[in-house]
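Chains, contacts and geometry: an overview
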Amino acid sequence: MPRQARQLADSGIYHVMLRGVNRDALFLEADDYQCFLKALGRVRADSGCAVLAYCLMTNHVHLVLRTTQEPIGAVIKRLGVRYSGWF
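Counting restarts for each chain, with residues numbered from 1 along the sequence as it is written. Where local features are concerned, this predicted model is filtered to residues with pLDDT of at least 70; where side-chain atom pairs are given and counted, the filter is 80 or more; whole-chain, interface and lining totals use all residues. Think of the side-chain values as coming from all heavy atoms in the structure, minus any hydrogens and water.

The next point concerns helix α2 (residues 72–86). Between the first and last C-alpha of α2 there are 22 Å, a value that for 15 residues agrees with the 21 Å anticipated at 1.5 Å per step. Listed in full, the buried residues belonging to α2 are I72, V75, I76, L79 and Y83. Taken down its axis, α2 places every buried residue within 90° of arc, on the same side. In α2, those exposed residues whose orientation departs by more than 90 degrees from the buried face are K77, V81 and G85. Where α2 is buried, its residues contact β1 (13–19), α1 (30–47) and β3 (60–66). Helix and strand assignments follow DSSP, with helices taken as H or I runs no shorter than four residues and strands as E runs no shorter than two, numbered in order from the N terminus. In this analysis, the expected span of each helix is defined as 1.5 Å times one less than the number of residues it contains. Each residue gets one of three labels from its accessible area relative to the maximum for its type: buried under 20%, exposed over 50%, partly exposed in between, using a 1.4 Å probe on protein chains only. The arc in question is traced by the directions running from the helix axis to the C-beta atoms. For this analysis, residues touch if any pair of their heavy atoms sits within 4.5 Å.

Right, let's talk about the nonpolar core for a bit. Only buried residues count toward a nonpolar core, which is a set of Ala, Val, Leu, Ile, Met, Phe, Trp, Tyr and Cys residues joined through side-chain atoms within 4.5 Å. Within the largest apolar cluster, 20 residues are counted, with the highest numbers of intra-cluster contacts made by L18, F36, V61, L63 and L79. Of all the secondary structure elements, the ones that give two or more residues to this core are β1, α1, β3 and α2. Every residue in contact with V61, bar those within four places of it in the chain, is listed here: V16, M17, L18, L26, F27, F36, C55 and L56.

As structure tokens, this is what we get:
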């Protein structure tokens, strides 16, 4: 069953949660966390979004982002592709 379409916020602020497939770990070593943060920084610079808060846990990530130029779906896709390619 597909998920409901994301509602766009007038404020451009979104709470996003990323999870591993089957709730598997996203981070296995300390370097994985650093790589994710580096990818997040690059995505922030490329998309123009602001990272208001983040919490990295072993098998999921919480992000609070404010989008400006690029839609939230494109920002998250860019982040997921960048990090999963490294992982």
